[in-house]
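Here is how the chains run, residue by residue.
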Amino acid sequence: MTNKEIFKLAKEMTKQEVLNVIGGWERDNETESIKDYNSLVRLGDSMQLACATIIAERVKEKQSSEMYRIAYES
């Protein structure tokens, strides 16, 4: 995701949607996501921007690991 896409996602997110995502992280025991989110909020990001940033990072990680898996299996 580009910065523009991250800001667009953050702008579209409601506070309740952010809380739902965080609740999902807690339920799935994704402590790194929660820690990173809390750090961004403490540094001054809005709840929405911090959440969108973490989502974008996780998507990027997933895409990278999938690409490596496909290359390995080929």
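Each value, and the rule that gives it
- Residues numbered from 1 in each chain as written.
- Predicted model: local features only at pLDDT ≥ 70, side-chain atom pairs only at ≥ 80, totals over all residues.
- Heavy atoms only, no water.
- Helix = DSSP H or I, 4+ residues; strand = E, 2+ residues; numbered from the N terminus.
- Buried < 20%, exposed > 50% of the residue type's maximum accessible area, 1.4 Å probe, protein only.
- Contact = heavy atoms within 4.5 Å.
- Areas by Shrake-Rupley, 256 points an atom, 1.4 Å probe, with all protein chains shown as cover.
- Expected span 1.5 Å × (residues − 1).
- Arc of directions from axis to C-beta.
- Core = buried A, V, L, I, M, F, W, Y, C linked by side-chain atoms within 4.5 Å.

## Here's the deal with the overall build of the chain
Regarding its fold elements, the chain presents four helices and zero strands. Looking at the chain as a whole, 24% of its 74 residues qualify as buried. Within the chain, contacts between residues at least 6 apart in sequence are counted, and of these 58% link residues at least 24 apart. Accessible area for the chain stands at about 5,600 Å²; split by element, carbon and sulfur atoms hold 54% of it.

## Remarks on helix H2 (residues 15–27)
Here H2 spans 18 Å end to end across 13 residues, near enough to the 18 Å set by a 1.5 Å rise per residue. Among the residues of H2, Val-18, Ile-22, Gly-24 and Trp-25 are the ones counted as buried. Seen along its axis, H2 keeps its buried residues to an arc of 155°; they face one direction. Exposed residues pointing more than 90 degrees away from the buried face of H2 are listed as Glu-26 and Arg-27. Directly beyond the C-terminal end of H2, a positive phi value near 60° is found at Asn-29.

## A word on the nonpolar core
Membership of the largest hydrophobic core comes to 15 residues, with the highest contact counts inside it found for Val-18, Trp-25, Tyr-37 and Cys-51. Ranked by residues supplied to this core, first place goes to helix H4 (residues 47–73) with six residues. Apart from residues lying up to four places away in sequence, Trp-25 is in contact with Glu-30, Ser-33, Ile-34, Tyr-37, Cys-51, Ile-54 and Ile-55.

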